Amino acid sequence: MLCPKALIPYLPASTPRSADVVLYLDLDGVVHHEQVLWHPRKGIYMNPLEANGHFLFEWLPILESVLQPYPTIALVLSSTWCIRPRYSATLKRLPDSLRARFIGGTYHKRVHGVDPWNLSMFRATPRGVQVQEDAQRRKPRQWIALDDDLEGWPQSCRQNLVACDGTMGLSNPEVQRELKEKLHSCFMNVSAKPRGC
């Protein structure tokens with residue numbers, strides 16, 4: 001007897017890359033204002049009515065500066081940009097210094113396959129659960145998530161979340177301070193317990 005598709009557990013198509021410390025990075029509301037639109041001809045662009053004066057990736061220099069002391073931190077894209085415009089197309093829009101840090105996305109066709117049902121299930125899953133499941137697959141020793149999507153985060157993962165206001169993202173000094181503190185803590189924990197101990 002065949003199991004209904006909804007009861008078949010999902011198994012990734014490949015083993016994901018990992019690192020000792022991973023930063024799960026959302027884009028909209030984190031590295032630029034949350035008011036982003038998509039058009040089939042224009043692609044992704046800022047909403048001129050809601051985010052006048054803002055531009056895509058305007059706060060990336062802040063992220064580069066915060067990460068600079070930690071050259072081994074890896075990034076995982078935890079954003080709808082994994083789906084549209086897709087992971088590889090998104091990375092092409094980022095500076096080399098950040099692009100080189102990426103080891104994958106929370107949604108990637110090589111991991112999840114091309115089945116529309118899997119895509120639908122992924123979209124319906126809260127961001128915090130997406131990140132938690134990815135961290136369980138990658139098994140980093142420490143991880144942090146930088147995100148403005150705060151709904152549905154599992155209680156066990158909330159201490160890993162650096163929450164952003166979608167209109168300020170990384171331009172908020174308090175977010176920068178918290179991210180710096182959590183990065184420092186992650187690297188102190190990793191340094192204190194070498195792998196294999």
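Just so it is clear, the structure is predicted and the values come from calculations on it, not from any experiment.

### Remarks on the pairing of strand β4 (residues 74-77)
In β4, alternate side chains face the same way, and those of Ala-74 and Val-76 on one face and Leu-75 and Leu-77 on the other are all buried. Note that strand β1 (residues 21-25) and β4 share four bridges and pair parallel. What sits directly across from Leu-25, in β4, is Leu-77. When β4 meets strand β5 (residues 102-105), the two strands line up parallel, connected through three bridges. Bridged to Leu-75 within β5 is Phe-102.

### Here's the deal with unusual backbone geometry
At the junction of Arg-84 and Pro-85, the peptide bond is cis and its omega measures out at 20° in the coordinates. Unusually for a residue other than glycine, Phe-57 sits at a positive phi of about 65°. Structurally, Phe-57 can be placed in the loop between β3 (43-46) and α1 (60-67). Classification of Phe-57 by relative accessible area gives buried; the value is 11%. Although it is not a glycine, Lys-139 sits at a positive phi angle of roughly 60°. By secondary structure assignment, the location of Lys-139 is in the loop between α6 (127-138) and β6 (142-147).

The rules we used
Residues numbered from 1 in each chain as written. Predicted model: local features only at pLDDT ≥ 70, side-chain atom pairs only at ≥ 80, totals over all residues. Heavy atoms only, no water. Buried < 20%, exposed > 50% of the residue type's maximum accessible area, 1.4 Å probe, protein only. Helix = DSSP H or I, 4+ residues; strand = E, 2+ residues; numbered from the N terminus. Pairing = 2+ DSSP bridges.

These figures come from the coordinates and say nothing about function on their own.
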